[in-house]
Amino acid sequence: MSTYKPFSDFSQEEVIVGSDALKQKYLNLFPTYKGLERYNLAFVQKSYTTNTRVFCEKLSEYLETKKQNVKVKYSSEIESFIFHQEESKKHLVKAVKLWGKTDLVECDAVVLCAGSFIARLMKDNFGLSCPVVPIKGYSFDMPTKVPFHDVHFQFKSEAFVATYLKEGVWRVAAFGDVAGQDKSFDPRRVRYLKNMVADLMDPSEAHSYVNLNTCLRPTPPDDVPIIGPLKRYPNVFLNAGHAGRGTTIGLSTSKLVSELIMDGKASVVADPTPYSPRRF
Ligand SMILES: Cc1cc2nc3c(=O)[nH]c(=O)nc-3n(C[C@H](O)[C@H](O)[C@H](O)COP(=O)(O)OP(=O)(O)OC[C@H]3O[C@@H](n4cnc5c(N)ncnc54)[C@H](O)[C@@H]3O)c2cc1C
C-alpha cells in the first residue's frame, strides 16, 4: 500500500496494490459486490462527494450578501470582447458583450473558465490555439442496500467511478469518449455502462438507475490545467483545462488566478509557469 501525489500541491489519493490488501482494507465493506474482486489495484479518495450546483448557489448567495459589488449572472454567455481604443491599451479588454444583451459589462480584467468551450472562445476572439479537448463521460445514480461507507471505487481501465452520493444511492460515472462537444447519449455506451455495473456491482441495482447524464472533461494534451494571463492580452486570464479533476482542484486553481491578478505572483504553488497558457 502506498500514497502518492498525482498532482503536486493539489490533491492526494491512496493507492492500494494487491488483491489481498484491497480485500482487507476495502472490499470486505461490500460483500455483495463480487465483481470487484477481480481487481488488484485501486485508487481511493475518501469523502469524495461535492454537489457543485449546491456549492455554486451557496457561494453566489454568500458573495452577493457579503460583497456589494458582486452580481451573479446565471445562464449568460460571453459573445465577444471589447478592447480599448487607445494605442497604448489596445490589447486590454475593457468590456464583454453577453449573448442577447445590448449593454456591456465593463471590466478591469476577465477570467475565462469556459471549460471545454475555451478552445472555440480563444480561436474566435483572440485567434489563438488553446488545445483543450472535451472528453465525454456518462453518469447515473442507482439505489443500493449496501450500508454507507465513505469509500468509493475508481477503476482507471474504464475511467469507472462509483461514489456514495447519499445514504442508499451510488453515483456511477465512466468513460472518456472523444466525441466533440456533443453531450447527447450514445445508447450503446449507456448499455455498456449498465452491463459493467451489473457485472462489477449488483445486476438489480444497475437496472434501476435514474438521472442519466453526460458531461465533458476539458482536457489539455499534457493534462495540466491552463492558468494565467495571455501573453498578448495581459488582462485576459484563463482558468480552464481541469480535465477530470475540476471539482477537486478548482478552488486551488481559482486561488492561483486571484493571486496572479491581485499580486502578480503566486503563493499557492512554488512556480506557476507549468500552468501558464504560454506553453502552447
Ligand atoms: C462523469 C464525470 C465525472 C467527474 N467526476 C469528477 C470528480 O469526481 N472529481 C473531480 O474533481 N472532477 C470530476 N469531473 C471533472 C469535472 O466535472 C471537470 O473538471 C469540471 O467540471 C471542469 O470545470 P470547469 O469549470 O473548468 O468547466 P465546465 O464545468 O465545463 O464549465 C464551463 C462553463 O463555461 C460555460 N461557458 C462556455 N462558454 C461560455 C461563454 N462564452 N461565456 C460564459 N460561459 C461559458 C459553460 O456553459 C460551462 O458552464 C468529472 C467529469 C465527468 C464528465
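The rules behind each value
- Position numbers for residues start from 1 in each chain and track the written sequence from start to end.
- A pLDDT threshold of at least 70 governs which residues receive local features in this predicted model, and a stricter bar of 80 or more applies before side-chain atom pairs are shown or counted, although totals over entire chains, interfaces and linings include all residues.
- Placing the C-beta atom from the backbone, one calls a residue near a molecule or strand if that atom lies within 6 Å of it.
- Runs of E in the DSSP output that reach at least two residues are strands. Runs of H or I that reach at least four are helices, and both are numbered from the N terminus.
- Ten residue types, Ala, Val, Leu, Ile, Met, Phe, Trp, Tyr, Cys and Pro, are classed as nonpolar, four, Asp, Glu, Lys and Arg, as charged, and the remainder, Gly among them, as polar.
- Delimitation of the domains relies on an automatic or database domain assignment.
- Two strands form a pair only when DSSP identifies at least two bridges running between them.
- Think of each axis as a best-fit line through the C-alpha atoms, taken over the contacting stretch in the case of a helix, with angles from 0 to 180 degrees between the N-to-C directions.
- Each residue after the first adds 1.5 Å to the expected span of a helix.
- Exposed residues have 12 or fewer other C-beta atoms within 10 Å of their own C-beta, buried residues have 20 or more, and partly exposed residues fall in between, where C-beta atoms are placed from the backbone.
- Here, residues touch in the contact sense if the C-beta positions derived from the backbone fall within 7 Å of one another.
- Predictor confidence is given residue by residue as pLDDT, running from a minimum of 0 to a maximum of 100.
- Residues of type Ala, Val, Leu, Ile, Met, Phe, Trp, Tyr and Cys that are buried and joined through C-beta atoms within 7 Å form what is called a nonpolar core.

## Quick word on the site of the ligand
Phase 1: For the ligand, the set of nearby residues contains 23 residues, the closest of which are Gly115, Gly137, Gly246, Thr247 and Thr248.
Phase 2: When residues of the shell around the ligand are traced back to their parent elements, those giving at least two are strand S8 (133-143), strand S12 (210-219) and helix H6 (246-262).
Phase 3: Per-element tally for the shell around the ligand: the top contributor is S12, with four residues.
Phase 4: Across the shell around the ligand, the residue classes tally to 11 nonpolar, nine polar and three charged.
Phase 5: Two domains each put at least three residues into the shell around the ligand: domain 1 (2-51 + 133-219) and domain 2 (76-127 + 222-253).

## A short note on the sheet that holds strand S6 (residues 104-106)
Phase 1: In space, the three strands of this open sheet follow the order S4-S5-S6, with antiparallel pairing throughout. Only two strands of the sheet have a single partner each, and these edge strands are strand S4 (78-83) and S6. Neighbouring strand axes in the sheet, compared pairwise and without regard to direction, differ in orientation by 30 degrees on average.
Phase 2: By the bridge criterion, three bridges tie strand S5 (residues 93-98) to S6 in an arrangement that is antiparallel. Following the sheet pairing, Lys97 is matched in S6 by Leu104.

## A closer look at H6
An α-helical turn contains 3.6 residues, so any two residues separated by three or four positions project in the same direction.
Phase 1: Here H6 is 17 residues long and its end C-alpha atoms lie 22 Å apart, about the 24 Å a rise of 1.5 Å per residue gives.
Phase 2: Those residues of H6 that sit buried are Thr253, Leu256, Val257 and Leu260.
Phase 3: Once H6 ends, the next one or two residues include Gly264, with phi positive near 75 degrees.

## Focus on the sheet that holds strand S14 (residues 236-240)
Phase 1: An order of S7-S14-S13 is seen for the three strands of this open sheet, with the pairing classed as mixed. Looking at which strands have only one partner, the edges of the open sheet turn out to be strand S7 (110-112) and strand S13 (226-229). Each strand of the sheet is rotated relative to its neighbour by a mean of 20 degrees, with strand direction disregarded.
Phase 2: Bridge analysis of S13 against S14 gives four bridges, and the strand direction is antiparallel. Counterpart to Gly228 in the pairing with S14 is Leu238.

## Observations regarding the domain arrangement of the protein
Phase 1: Assigned domains within the protein: domain 1 (2-51 + 133-219) and domain 2 (76-127 + 222-253).
Phase 2: Facing the 10 residues of domain 1 at the interface are 14 residues of domain 2.
Phase 3: With four residues, S12 is the single largest residue contributor to the side of domain 1 that touches domain 2.
Phase 4: Classifying every residue of the side of domain 1 that touches domain 2 gives five nonpolar, four polar and one charged.

## Let's talk about the environment of Ser208
Phase 1: Its place among the elements puts Ser208 in the loop between helix H5 (203-206) and S12.
Phase 2: Here Ser208 falls in the exposed class, since 9 other C-beta atoms lie within 10 Å of it.
Phase 3: Between the alpha carbons of Ser208 and Phe140 there is a distance of 10.0 Å; along the sequence they are 68 residues apart.
Phase 4: Those residues in contact with Ser208, other than ones at most four positions away along the chain, are Met142 and Pro143.

## Some words on the confidence of the model for the protein
Phase 1: Per-residue confidence for the protein gives a mean pLDDT of 87; residues scoring 70 or more make up 91%.
Phase 2: Confidence, read as mean pLDDT per element, is least for strand S1 (residues 2-7) in the protein (39) and greatest for S14 (98).
Phase 3: For the stretch residues 1-11, pLDDT sits under 50, and the model shows 20 contacts to residues farther than four places along the chain or on other chains.

## Observations regarding helix H2 (residues 52-66)
Phase 1: Its 15 residues give H2 an end-to-end C-alpha distance of 21 Å, which sits within 8% of 21 Å, the value for a rise of 1.5 Å per residue.
Phase 2: Of all 15 residues in H2, zero are buried, a share of ten percent or less.

## Observations regarding the nonpolar core
Most often, soluble globular proteins keep nonpolar side chains buried together rather than apart.
Phase 1: Counting residues in hydrophobic clusters, the biggest one holds 21 residues, and the most contacted among them are Leu112, Ile118, Cys130, Ile226, Ile227, Leu238 and Ala240.
Phase 2: When residues of this core are traced back to their parent elements, those giving at least two are S5, helix H3 (118-126), S13, S14 and H6.
Phase 3: Apart from the residues lying within four places of it in its own chain, the contact partners of Ile118 are Leu112, Cys130, Val132, Pro218, Leu238 and Ala240.
Phase 4: If you look at the next biggest cluster of nonpolar residues, it comprises 18 residues, including Phe153, Ala174, Leu193 and Val197.

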